Amino acid sequence: MSEALTRLDAMSEPSIFTRILQGEIPAEIVAETENVFAIRDIAPQAPVHLLVIPKTAQYRDVVALAAGDPALLAEVVDLAHRVAAEHADGDFRLVFNTGEGAGQTVFHVHAHVLAGGLNEKSLGG
Ligand code: AMP
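Below you will find a few notes about this structure. Treat the numbers as computed from the prediction; the structure is a model and nothing was measured.

## A word on the pattern of salt bridges
According to the stated counting rule, one finds four salt bridges in the structure shown. Across the pair Glu28 and Arg40 runs a salt bridge whose closest N-O atoms are separated by 2.9 Å. Of this pair, Glu28 sits in the loop between α2 (16-21) and β1 (29-32) while Arg40 sits in strand β2 (residues 36-40), and the two are 12 residues apart along the sequence. For Glu28, a relative accessible area of 44% gives the class partly exposed. Accessibility expressed as a relative area gives 39% for Arg40, which makes it partly exposed. The salt bridge involving Lys55 is made with Glu32; its shortest N-O contact spans 2.9 Å. Of this pair, Lys55 sits in the loop between β3 (48-54) and α3 (62-68) while Glu32 sits in strand β1, and the two are 23 residues apart along the sequence. Assessed through its relative accessible area of 23%, Lys55 is described here as partly exposed.

Here it is, written out as structure tokens:
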């Protein structure tokens, strides 16, 4: 198979988040709306580390989401705020790793919600 076809093939596989949403992979869904859901990150990097994910796998990263459906991006931010209030004191850091070089490993856009006793100035890394 050509490299381009291999890439296309990989893109047509359901993402890990789609498989979680469909119940194929166990995860704790902590909140859900019509278009967006939130789970606990399996490898937490903060006392509270949740992922907020559009149900559609159409957008690979936040740049594509902002260009393609800004209202859905606003829904992601809104649910992030809600879960940060439910699981911590409402203050939170919102991280969208964008591109492999920035550490993105799942190309189904998702926001990391980091909260609960963060180091004030640390931006991670
Ligand atoms: P990123 O590296 O920004 O693409 O983020 C992907 C995130 O998904 C990482 O923080 C992983 O720890 C998290 N993750 C991967 N598999 C699972 C899973 N089965 N349940 C919950 N979180 C997961």
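## Section: the nonpolar core
Where a protein is soluble and globular, its nonpolar side chains tend to be buried together. Ranked by size, the top nonpolar core spans 21 residues in total, and within it Ala38, Val52, Leu65, Leu79, Val83 and Val113 carry the most contacts. The set of elements that each furnish at least two residues to this core consists of β1, β2, β3, α3, α4 (70-87) and β5 (111-115). With seven residues, the single largest contributor to this core is α4. Contact partners of Val83, with chain neighbours within four places excluded, come to Val30, Ala31, Ala38, Leu50, Val52, Ala88 and Val113. Core analysis: the next-biggest nonpolar cluster, separate from the first, contains seven residues, Phe17, Ile20, Leu51 and Val106 among them.

## A short note on the site of the ligand
Within the structure, the ligand sits among 16 residues, and Asp41, Asn97, Gly103, Thr105 and His112 are positioned closest to it. Take Val106: an N or O atom from its main chain is 2.9 Å from an oxygen atom of the ligand. The contact in question runs from an oxygen atom of the ligand to an N or O atom on the side chain of His112, over 2.8 Å. Burial of the ligand by the surrounding chains reaches 85%, relative to a free accessible area of 510 Å². Mapped onto the shell around the ligand, the elements with two or more residues apiece are α2 and β2. With three residues, the single largest contributor to the shell around the ligand is α2. For the shell around the ligand, a count of residues per class yields eight nonpolar, six polar and two charged.

## Digging into the sheet that holds strand β4 (residues 93-95)
The strand order across the open sheet built from five strands is β1-β2-β3-β5-β4, with neighbouring strands paired in antiparallel fashion. Of all the strands in the sheet, the pair left with one neighbour each is β1 and β4. Along the sheet, successive strands turn relative to each other by an average axial angle of 25 degrees, direction set aside. Strand direction decides the pairing type here: β2 and β3, joined by five bridges, are antiparallel. Looking at the pairing, Ile39 lines up with Leu51 of β3. Those strands touched by α4 are β1, β2, β3, β4 and β5, and its axis lies near 155 degrees from that of β3.

How each quantity is defined
- Residues numbered from 1 in each chain as written.
- Predicted model: local features only at pLDDT ≥ 70, side-chain atom pairs only at ≥ 80, totals over all residues.
- Heavy atoms only, no water.
- Salt bridge = Lys/Arg side-chain N within 4 Å of Asp/Glu carboxyl O.
- Helix = DSSP H or I, 4+ residues; strand = E, 2+ residues; numbered from the N terminus.
- Buried < 20%, exposed > 50% of the residue type's maximum accessible area, 1.4 Å probe, protein only.
- Core = buried A, V, L, I, M, F, W, Y, C linked by side-chain atoms within 4.5 Å.
- Contact = heavy atoms within 4.5 Å.
- Near = heavy atom within 4 Å.
- Polar contact = N/O pair within 3.5 Å; in protein donor to acceptor, adjacent residues only side chain to side chain.
- Areas by Shrake-Rupley, 256 points an atom, 1.4 Å probe, with all protein chains shown as cover.
- Nonpolar A, V, L, I, M, F, W, Y, C, P; charged D, E, K, R; others polar.
- Pairing = 2+ DSSP bridges.
- Axes fitted to C-alpha atoms, helices over the stretch in contact; angles between N-to-C directions.

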